[in-house]
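Observations on the model geometry
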Amino acid sequence: MITQMSLAVQRPLWQAELARAVSSPAELLALLDLPVSLLPGAARKDFPLRVPRGYVARMKPGNPHDALLRQVLPVDEEGLSAEGFTPDALGEHQAMPVAGLLHKYHGRALLVTTGACAVHCRYCFRRHFPYAEANPAPEQWRAALDYLAQDASISEMILSGGDPLSLPDTRLASLAERLAAVPHLDTLRIHTRLPIVLPERVDDALLNWLTGTRLKPVMVVHANHAQELDGAVRSALGKLVRAGVTLFNQSVLLRGVNDSVEALAALSRGLFDAGVTPYYLHLLDRVRGTAHFEVGETRARELIAGVRARLPGYLVPRLVREIAGAPAKQPLAQSGAL
Ligand code: SF4
C-alpha cells in the first residue's frame with residue numbers, strides 16, 4: 001500500500017524544494033533582514049512572488065539593492081504605465097500555428113510546454129502570456145507533434161515555457177521519445193532557468209531522458225549575474241557538461257542588476273568556468289510593467305564595448321534585440337575578435 005510517507009520519500013528533492021519556495025514578499029524581506037517599508041503597495045496577483053530558498057541564500061542580507069533580490073521582488077514601479085511597453089511585445093500570440101507552438105524562425109520551432117516557473121522574474125517577457133489558452137496540456141502535444149512531422153524544414157525543437165524543467169521527468173521523457181521519432185528532427189534544445197535557480201533539478205532522472213535519445217541535447221540556461229553561480233549551480237552545470245549536453249547562456253541586460261562592465265565581465269567569466277558559453281545578452285523586451293529595468297541602446301552598446309575590451313571574443317555575448325515579426329534576433333554589436 002502506498003502511504004503518505006512513501007509518496008514523500010519518492011518525491012525528487014527538486015520538487016520538495018520547489019514546493020517550499022518563498023511566495024510572501026514579507027517573508028522574503030524578513031529572511032534578508034530588510035525593512036517591511038520595501039513591500040509593494042499593491043499585491044501582484046497576476047504574477048506573484050516566487051523564489052526558491054536556495055536562490056534567496058545567495059542574496060546579501062541587509063542590501064535592498066542586491067542584484068538577485070531586484071530580479072524577484074515585486075515593486076510598485078510595475079504598476080506604472082510607460083509608452084511603448086505592451087503585454088505582448090514580441091507578437092508571439094500571432095506566431096502560433098497550433099496551440100503552444102511558435103514557429104518564428106526557419107529550421108526550428110518552439111513548444112511552450114508549461115506556464116510554470118521555479119522563479120518569477122519581474123522583467124519576464126512572458127509575464128502576460130496567455131498560458132491558459134496557448135499552453136497545450138501534455139495530452140494536446142499531439143497537435144504540435146503533427147505540425148512538426150509535416151514540416152521537414154524543422155530540424156531543431158526548442159522546449160520553452162514558462163520553464164519546461166518544472167514538468168516532471170516522466171512527462172518530459174515521453175515527449176523526448178516522441179520527438180526523437182520525428183525523422184527530420186536532430187536537436188532538442190531546452191530553454192531553462194532551473195539549473196540556475198534550483199540546481200537540485202539536475203539529477204539522474206533528468207540526465208537519463210535528456211541524453212537517452214538520438215537527439216543532440218542543447219541547453220540554454222539563463223543567468224544574469226555572477227552571484228547566481230554558487231557552488232551548487234556550478235556542480236549542476238558540471239554534471240550536464242559531463243553528460244554531453246552543450247550549454248549556452250542567455251541573459252537580459254537589466255538596470256540595477258548587471259548594467260556595468262564589471263558585472264557583465266564577471267558573469268561571462270563565471271559562466272565559462274562552469275562550462276557554459278555566454279551566448280546572448282538581450283535588451284529588455286518592452287513588456288508592460290518592466291520599464292524600470294530598461295537600459296537604453298546607446299548605453300548597452302557602450303557596455304558591450306567595455307566587455308569586449310576586457311575579455312577574449314569568445315566570452316563576449318552577442319548583444320541582441322528581439323523584434324516582433326522579425327525572422328531573427330537583431331544583433332546590435334559585433335562580438336569582436338578572438
Ligand atoms: S524563468 Fe524565464 S519564463 Fe520563467 S519568469 Fe523567469 S524569465 Fe520568465
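Preceding this section is the structure that the text describes.
Here is a short report on the structure shown in this document. (Residues numbered from 1 in each chain as written. Predicted model: local features only at pLDDT ≥ 70, side-chain atom pairs only at ≥ 80, totals over all residues. Heavy atoms only, no water.)

1. Comments concerning the site of the ligand
Within the structure, the ligand sits among Cys117, Val119, Cys121, Cys124, Gly162, Arg193 and His222. For the shell around the ligand, the residue count by class is four nonpolar, two polar and one charged. (Near = heavy atom within 4 Å. Nonpolar A, V, L, I, M, F, W, Y, C, P; charged D, E, K, R; others polar.)

2. Looking at the pairing of strand β2 (residues 108-112)
Most of β2 is tucked away, with four of its five residues classed as buried. For strand β1 (residues 101-105) and β2, the ladder comprises three bridges, and the chain directions are antiparallel. Counted as the bridge partner of Leu102 is Leu110 from β2. The hairpin turn running from β1 into β2, its antiparallel successor, is two residues long, and Gly107 in that turn takes a positive phi close to 90°. (Buried < 20%, exposed > 50% of the residue type's maximum accessible area, 1.4 Å probe, protein only. Helix = DSSP H or I, 4+ residues; strand = E, 2+ residues; numbered from the N terminus. Pairing = 2+ DSSP bridges.)

3. Quick look at the packing of aromatic side chains
In total, this model carries four aromatic pairs according to the counting rule given. Note on Phe272 and Tyr314: the rings are 5.4 Å apart at their centroids and 55° apart in plane angle, and the pair reads as tilted. Of this pair, Phe272 sits in helix α12 (residues 261-273) while Tyr314 sits in the loop between α13 (297-310) and β8 (318-321), placing them 42 residues apart in sequence. Exposure remark for Phe272: the relative accessible area of 42% places this residue in the partly exposed category. Members of the aromatic cluster, connected to one another through ring pairs, are Phe248, Tyr279 and Tyr280. Positioned above the aromatic ring of Trp14 is the side chain of Arg201, whose terminal nitrogen or guanidinium carbon lies 3.9 Å from the ring centre. (Phe/Tyr/Trp six-rings, centres within 6.5 Å; stacked < 30°, edge-to-face > 60°. Lys NZ or Arg CZ within 6 Å of the ring centre and 35° of its normal.)

4. What about the pattern of salt bridges?
Tallying each qualifying case throughout the model produces 13 salt bridges. Of the charged contacts, one joins Glu297 and Arg321 as a salt bridge, the two residues approaching to 2.5 Å between their closest N and O atoms. Residue Glu297 is found in helix α13, and its partner Arg321 is found in strand β8; the two are separated by 24 residues along the sequence. A relative accessible area of 29% means that Glu297 is categorised as partly exposed. Ionic contacts of the salt-bridge type, sharing partners, join the residues Glu297, Arg301 and Arg321 into one network. (Salt bridge = Lys/Arg side-chain N within 4 Å of Asp/Glu carboxyl O.)

5. Observations concerning the sheet that holds β8
Strand order across the open sheet formed by nine strands is β1-β2-β3-β4-β5-β6-β7-β8-β9, with mixed pairing between neighbours. Among the strands making up the open sheet, the edge pair consists of β1 and β9 (330-331). Pairing between β2 and strand β3 (residues 156-160): five bridges, direction parallel. Its bridge partner being in β3, Ala109 is matched across the sheet by Met157.

6. Structural notes on the side chain of His292
You can see His292 is positioned in the loop between β7 (277-282) and α13. Taking relative accessible area as the criterion, His292 reaches 8% and is therefore assigned buried. With residues near it in sequence (within four places) discarded, His292 still touches Arg70, Val75, Glu77, Glu78 and Arg255. (Contact = heavy atoms within 4.5 Å.)

7. Concerning the nonpolar core
Counting residues in each nonpolar core, the largest one holds 72 residues, and the members touching the most others are Leu28, Val51, Met59, Met157 and Leu179. Sorting elements by how many residues they give to this core places helix α8 (residues 169-180) first, with five residues. Split by domain, the residues of this core number at least three in each of domain 1 (13-79) and domain 2 (92-331). Once you skip the residues sitting within four places of it in the chain, Met59 turns out to touch Leu28, Leu32, Val51, Asp66, Leu68, Leu69, Val72 and Gln227. (Core = buried A, V, L, I, M, F, W, Y, C linked by side-chain atoms within 4.5 Å. Domains from an automatic or database assignment.)

8. Some remarks on helix α11 (residues 231-242)
In this model α11 runs 16 Å from its N-terminal to its C-terminal C-alpha over 12 residues, within 8% of the 16 Å that 1.5 Å per residue would give. A positive phi of about 95° marks Gly244, the residue just after α11. (Expected span 1.5 Å × (residues − 1).)

9. A look at the environment of Arg193
Tracing the backbone through its elements, the reader meets Arg193 in the loop between β4 (187-191) and α9 (194-197). Placed 27 residues apart in sequence, Arg193 and Ser166 show a C-alpha to C-alpha distance of 9.7 Å. If we skip the residues at most four places from it in the chain, Arg193 touches Tyr55, Gln71, Val119, Cys121, Tyr123, Asp163, His222, Ala223, Asn224 and Glu228.

10. Thoughts on the packing of helix α7 (residues 141-150) against α8
Two elements in contact, α7 and α8, have axes whose closest approach is 11 Å; the angle formed by their N-to-C orientations is 25°. Classified by the angle between their axes, α7 and α8 sit roughly parallel to one another. Handedness of the crossing formed by α7 with α8: right-handed. On the side of α7, the interface is formed by Trp141, Arg142, Leu145 and Leu148, while α8 contributes Arg171, Leu175, Arg178 and Leu179. (Axes fitted to C-alpha atoms, helices over the stretch in contact; angles between N-to-C directions. Parallel < 35°, antiparallel > 145°, perpendicular 65-115°, else oblique. Left-handed = near helix turned anticlockwise from the far one by under 90°.)

11. Topic: the pairing of strand β5 (residues 216-221)
With respect to burial, β5 is a largely interior element, five of its six residues being buried. In this structure, β4 lies alongside β5, joined through five bridges in parallel fashion. Note on β5: the bridge partner recorded for His191 is Val220. Relative to strand β6 (residues 246-252), β5 runs parallel, the two being bridged by four bridges. Paired with Val221 across the bridge in β6 is Asn249. Read from β5 through α11 to β6, the crossover connection turns out right-handed. (Right-handed = clockwise from strand over helix to strand, strands pointing away.)

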